[in-house]
Amino acid sequence: MNRIVRKEKLSAEVFRIAVEAPEIAAARKPGQFVIIQLGGDVNERIPLTIADADAGAKTITLVFQAVGESTHRLAALGVGDSIENLLGPLGRPTDIEKYGKVACVGGGIGVAPLYPIAQGMKNAGNEVKVIMGARSRGLIIMEAEMRAVADDVIVVTDDGSYGRKALVTAPLKELCEQWRPDCVVAIGPPVMMKFAALATKPYGIRTIVSLNTIMIDGTGMCGGCRVSVGGRTKFVCVDGPEFDGHQVDWDNMILRLGSYKPQEQEAHHRCHGLMKLNEGEA
Amino acid sequence: MHVSSEELDKLAGDILGRFENAAPSPKERAQIPAQEMPAQDPVERVRNMREVALGYTPSQVRAESLRCLQCRNKPCIQGCPVSIDIPAFIAEAAKGNFARAAEIINESSLLPAICGRVCPQENQCQKYCTLGKMLKDIDKSVAIGRIERFVADYARENRCEKVPHVAAETGMRAAVVGSGPASISAAADLRREGHGVVMFEALHKAGGVLVYGIPEFRLPKAIVRHELDNLKAMGVQIRLNFLVGKTRRISDLMGKDGFDAVFVGSGAGLPKFLNIPGENHVGVFSANEYLTRSNLMKAYDIGAARTPMFASRRVAVFGGGNVAMDSARTAKRLGAGTVTVIYRRTGAEMPARKEEVAHAGEEGVEFMFLHAPLEITADDRGRVSGVKLIECRLGEPDASGRRSPVEIPGSEKHCAYDTVIVAIGNASNPLIKATTEGIDVNRHGNFIVNEETCETTLPGVYAGGDIVLGAATVIQAMGQGRKAAKAMNAYLAAKRQVRA
Ligand SMILES: Cc1cc2nc3c(=O)[nH]c(=O)nc-3n(C[C@H](O)[C@H](O)[C@H](O)COP(=O)(O)OP(=O)(O)OC[C@H]3O[C@@H](n4cnc5c(N)ncnc54)[C@H](O)[C@@H]3O)c2cc1C
Ligand SMILES: Cc1cc2nc3c(=O)[nH]c(=O)nc-3n(C[C@H](O)[C@H](O)[C@H](O)COP(=O)(O)OP(=O)(O)OC[C@H]3O[C@@H](n4cnc5c(N)ncnc54)[C@H](O)[C@@H]3O)c2cc1C
Ligand code: SF4
Ligand code: SF4
Ligand code: FES
């Protein structure tokens, strides 16, 4: 049993929770994730990145966006409640090295998993610039935390309600032109990662992305998380989640993520109905 | 024709009546008809997940037991990987002494309710049965597995199982990795000696393939749960959501956490794919994914389940083993219109249990033999539209002794499907090997162990089941778990003496 000891609402749909998980807090490294299951026979298993950990307090931090049924159910838990099943740390840690100049690009909820990586990159002696974007002002998360670790933070929104009105790829291209990073780490919605990788490709800059495929076990047993990287099939849960963004078959990955769209939409609506929530709110 | 349990029971009752006063002669025994297993009507059962085979009635089990010739040389025993005293328990079953029969089985097997259901008996005990040989039909061998199942179910339902005796605490501690049949048996035998035993399982439910792979309609999960409850009652601690190698490494368990020995029963959980173009299209699943969604996550319970199941109309299943049968029959139950098992060889070479193939056929699963897939095609949205197949013929026998399929040039064709399930087997999961120094594996990734003791190349670490044997059987996994536990008990006793 993993008790929730802290909970904050970071935006209309985004929550940050600290959960007791002694072994995971001690073992985890930036870039790794957990799989949770809310107990009982019928709840599904969903992956969430470990956004931070406190080995002393024996807790890990998860930041999640309520997008569908399981994340809404998780959002409904409060301090003192427990997440019945929590498995981790899973996946390979980020290759944190001294590259020189590192640009970290986060879209929406992707800023959360990006944070420990930016922190790690900084601690490894890199100069770190962060680009963070969201649809609108209310969905920008963890800006203060990022400002505390990065040498520079550029904020963009799709609708211009905060920071620059742009997609993350616009400042990314400028950085590639002018600042010439040695490594780019991009985490966010698949479409964003796809275009971030396309943006850096002409400059030949190493671009690390963190893939969020559908997962079940997270141990390499089912193959449901597989993607094609450089023409070879990889299991995201054990070979990843991070890969060379220039090698990923994005179109196939995005299609696979949509495998259960009709069922998910129905469950999402049912769940909003049950929980008496309006759309865009959790 | 479907015959109901009541009708079969009546026929068996008539047989028993004939031998009420005098035991049958060997000749009379051989003439008793083999008792048919009562089963749910196929028309009904494809619409539910409940167990297909209903189990013998008491009259049937006694009638079937009367068929046993009580051979002096007991050839059937050599076919059982754990050497159950088969004629002895059958003799008790014939007399209706089911509790005593269960005791005899329990001397050798810890999981008879499970093995009686899932053992490939026609390749094990029943293959050697004298009666089957006499009648020149292996299907007429004594139905050892079905009798075993009845006896085990009887003991469970009537609570006449003996609670295993646990010796006084030794203060020694053993870690057991995984919770499949190998680990369950190792944990039980280690605990009986009084060692502290902690079982670590990666998933959120214990039982291994018995819960995530084999479907409810073949092995009710309540039976597996009962075995795990017994373990807990003996004092075995079960830690779920613990991936050894990631949450903690074996070196941490032995170094920092104070475990004196480790048993690894991590199974063969790495799905093999076909390595053909189109394998990542939407609608292509490994059998592991398909079955895990349905069994572990209860996705078949549409309405209640939160894990979605892909909606399929035309399903192609590649493979010919139990995993393929389970996938095909699950797809049928989930509402697929047509389900076709496509196999490179012929029905005779299929490794699946005979009973499962027959059940699949009764349920409307179709078989396409001597065909191999070349490519999976997709529509413009990346969803499976069909499979390009090529016909095969049987060539020379390969290393396994089975005739290998040879593709016939120019015989390519395209068949339309919307779902493809790949059920061509599992290799061993490399995680523990990759995170543990000193464990040697063979070229298939299986742990190399001492045949007598199941000890790996890392002292104090033992292994058994599919991680050693490659994808094998439940009873073999159980046998290895027990063999390893025996050696571990000796190892722990010696270690304890040194410490004292
Ligand atoms: C390695 C990894 C790390 C992740 N880290 C985070 C994180 O830190 N914070 C966060 O908010 N989200 C994260 N995600 C995404 C998160 O897992 C999904 O948002 C969540 O599973 C959605 O479940 P749902 O039932 O609420 O929504 P649904 O309505 O069921 O699904 C919404 C979308 O989420 C995806 N999804 C659905 N089921 C799964 C599943 N079992 N596994 C993965 N994706 C699924 C699909 O694209 C789907 O269209 C991560 C995903 C991966 C693979
Ligand atoms: C669909 C299917 C149908 C089958 N049908 C039959 C049948 O009819 N008859 C028959 O005899 N055999 C059958 N088999 C084979 C049989 O199930 C296996 O041979 C047997 O289960 C192997 O047992 P095991 O204990 O070695 O491992 P498993 O049952 O595979 O259990 C291994 C367990 O270890 C866990 N694990 C793995 N790695 C770790 C780790 N690092 N840390 C913690 N836990 C870990 C896994 O999650 C799993 O729960 C079937 C197999 C499948 C997949
Ligand atoms: S355990 Fe399996 S092989 Fe042994 S007697 Fe029972 S059914 Fe036969
Ligand atoms: S070989 Fe067959 S007939 Fe002979 S003892 Fe064994 S089960 Fe009975
Ligand atoms: S989630 Fe099952 S193999 Fe990756």
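Residues numbered from 1 in each chain as written. Chains lettered and ligands numbered in written order. Predicted model: local features only at pLDDT ≥ 70, side-chain atom pairs only at ≥ 80, totals over all residues. Heavy atoms only, no water.

Caption draft 1: View of the site of ligand 4. All residues adjacent to ligand 4 are C68, L69, C71, P75, C76, P87, C129, T130, V142 and I144 of chain B. Its residues assigned to classes, the shell around ligand 4 shows nine nonpolar, one polar and no charged. (Near = heavy atom within 4 Å. Nonpolar A, V, L, I, M, F, W, Y, C, P; charged D, E, K, R; others polar.)

Caption draft 2: Structural context of the sheet that holds strand 12 (residues 183-187) of chain A. Residue and element names in this part refer to chain A. Taken in spatial order, the seven strands make up an open sheet running 11-10-9-8-12-13-16, and their pairing is mixed. At either margin of the open sheet sits one strand with a lone partner, and together these are strand 11 (164-165) and strand 16 (242-244). In terms of strand pairing, strand 8 (residues 101-107) meets strand 9 (residues 127-134) through seven bridges, oriented parallel. The residue bridging V105 from the neighbouring strand is I131, located in strand 9. Running over the sheet, helix 3 (residues 111-123) touches strand 8, strand 9, strand 12 and strand 16 and is turned about 170° from strand 8. Against the sheet, helix 6 (residues 190-200) touches strand 8, strand 12 and strand 13 (206-210), its axis set at about 165° to strand 12. (Pairing = 2+ DSSP bridges. Helix = DSSP H or I, 4+ residues; strand = E, 2+ residues; numbered from the N terminus. Contact = heavy atoms within 4.5 Å. Axes fitted to C-alpha atoms, helices over the stretch in contact; angles between N-to-C directions.)

Caption draft 3: Representation of the domain arrangement of chain B in the model. All names here are of chain B. Domain assignment breaks chain B into domain 1 (5-39 + 46-157), domain 2 (173-268 + 428-499) and domain 3 (271-426). Facing 15 residues of domain 2, the contacting portion of domain 3 comprises 14 residues. If you sort the residues of domain 2 by the area they bury against domain 3, Y212, F217 and R218 come out on top, with a joint share of 46%. The tally of links between domain 2 and domain 3 comes to two salt bridges. Counting the contacts that link domain 2 with domain 3 gives five residue pairs in polar contact (both at pLDDT 80 or more). Per-class residue counts for the side of domain 2 that touches domain 3 are eight nonpolar, three polar and four charged. (Domains from an automatic or database assignment. Buried area = accessible area lost by both parts, 1.4 Å probe. Salt bridge = Lys/Arg side-chain N within 4 Å of Asp/Glu carboxyl O. Polar contact = N/O pair within 3.5 Å; in protein donor to acceptor, adjacent residues only side chain to side chain.)

Caption draft 4: Local environment of helix 8 (residues 250-257) of chain A. Listed in full, the buried residues belonging to helix 8 of chain A are W250, N252, M253 and R256 of chain A. Along the axis of helix 8 of chain A, the buried positions cluster into a sector of 165°, meaning they face one direction only. If you follow the buried residues of helix 8 of chain A, they end up packed against helix 6, strand 13 and strand 14 (226-229) of chain A together with strand 6 (284-286) of chain B. (Buried < 20%, exposed > 50% of the residue type's maximum accessible area, 1.4 Å probe, protein only. Arc of directions from axis to C-beta.)

Caption draft 5: Up close: the state of the cysteines. All names here are of chain A. Under the counting rule described, the total for this entry stands at zero disulfides over all chains. The thiol sulfur of C104 is not disulfide-bonded, and the nearest other cysteine sulfur, from C183, lies at 7.8 Å. Overall, C104 belongs to the buried group, its relative accessible area being 0%. (Disulfide = S-S within 2.5 Å.)

Caption draft 6: Representation of the site of ligand 2. Residues and elements named next belong to chain B. Close contacts around ligand 2 come from 35 residues, with V118, A182, E201, R218 and D466 the closest. Between ligand 2 and the protein, one listed contact pairs an oxygen atom with a backbone N or O atom of P181 at 3.2 Å. Starting from 1,000 Å² of accessible surface for ligand 2 in isolation, the protein chains cover 94%. At the level of secondary structure, the elements contributing two or more residues to the shell around ligand 2 comprise helix 10 (181-192), helix 15 (322-333) and helix 19 (474-499). Considering each element in turn, the shell around ligand 2 owes the most residues, three residues, to helix 15. Tallied by class, the residues present in the shell around ligand 2 amount to 19 nonpolar, 11 polar and five charged. Residues lining the shell around ligand 2 come from more than one domain, with at least three contributed by each of domain 2 (173-268 + 428-499) and domain 3 (271-426). (Areas by Shrake-Rupley, 256 points an atom, 1.4 Å probe, with all protein chains shown as cover.)

Caption draft 7: Quick peek at the interface of chain B and chain A. Contacts between the two partners involve 43 residues from chain B, matched on the other side by 42 residues from chain A. It is K246, N280 and R306 of chain B that lose the most area in chain B upon contact with chain A, and together they represent 23% of the buried surface on that side. Across the pair E23 of chain A and R239 of chain B runs a salt bridge, and its minimum N-O distance is 2.8 Å. There are 23 residue pairs in polar contact (both at pLDDT 80 or more) connecting chain B and chain A. At the level of secondary structure, the elements contributing two or more residues to the side of chain B that touches chain A comprise strand 5 (270-271), strand 6 and helix 14 (287-295) of chain B. The dominant element in the side of chain B that touches chain A, judged by the number of residues it contributes, is helix 14 of chain B, at four residues. Here the residues of the side of chain B that touches chain A sort into 19 nonpolar, 13 polar and 11 charged.

Caption draft 8: Layout of the sheet that holds strand 3 (residues 33-37) of chain A. All names here are of chain A. Pairing in this open sheet of seven strands is antiparallel, and the strands run 6-1-2-5-4-3-7 from one edge to the other. Edge positions in the open sheet fall to strand 6 (82-83) and strand 7 (85-90), since each of these has one partner strand only. Here strand 1 (residues 2-9) pairs with strand 2 (residues 14-20) via five bridges, running antiparallel. Residue R6 lies in a different strand from strand 2, and its bridge partner there is A18. Sheet contacts for helix 3: strand 4 (45-54) and strand 5 (59-65); angle to strand 4, the most-contacted strand, approximately 40°.

Caption draft 9: The arrangement of the confidence of the model for chain B in detail. Counting all residues, the mean pLDDT for chain B is 95, and 100% of those residues have values of 70 or more. The complex prediction reports pTM at 0.95, with the ipTM value standing at 0.93. (pLDDT = per-residue confidence, 0-100.)

Caption draft 10: The pairing of strand 4 (residues 261-264) of chain B, seen in detail. Residue and element names in this part refer to chain B. Because side chains alternate across strand 4, one face comprises the buried residues A261 and F263, and the other comprises V262 and V264, equally buried. Two strands pair when backbone bridges link them, and strand 1 (residues 173-177) and strand 4 are joined in this way by four bridges, in the parallel orientation. Counted as the bridge partner of V176 is F263 from strand 4.

Caption draft 11: A look at the pattern of salt bridges. All names here are of chain B. Under the counting rule described, the total for this entry stands at 47 salt bridges over all chains. Note that D137 and K140 form a salt bridge whose closest N and O atoms lie 3.5 Å from each other. Classification of K140 as partly exposed rests on a relative accessible area of 38%. Between R156 and D153 there is a salt bridge, with its nearest N and O atoms 3.1 Å apart. A residue pair is termed a helical-turn pair when its members lie 3 or 4 positions apart in one helix, as R156 and D153 do in helix 9 (residues 144-157) at three residues. For D153, a relative accessible area of 10% puts it in the buried group. One network of salt bridges, with partners in common, ties together R45, R146, R218, D326, R329, R333, R353, E355, E356, E362 and E363.

Caption draft 12: Up close: the domain arrangement of chain A. Residue and element names in this part refer to chain A. Here the domain parsing of chain A yields domain 1 (2-90) and domain 2 (101-210). For domain 1 versus domain 2, the separation of C-alpha centres amounts to 24 Å. Every contact between the two is made by 15 residues of domain 1 and, on the other side, 12 residues of domain 2. In this assembly, domain 1 packs against domain 2 so that about 1,000 Å² is buried in total across both faces, 63% of it on carbon and sulfur atoms.

Caption draft 13: Molecular detail of a nonpolar patch on the surface. Residue and element names in this part refer to chain A. A cluster of nonpolar residues, V191, F195 and L198, forms a patch on the protein surface that exposes about 270 Å² of accessible area. Looking at the element boundaries, V191 is found in helix 6. Exposure remark for V191: the relative accessible area of 44% places this residue in the partly exposed category. (Patch = residues over 30% accessible without salt bridge, like charges linked within 9 Å, V, L, I, M, F, W, Y side chains within 5 Å.)

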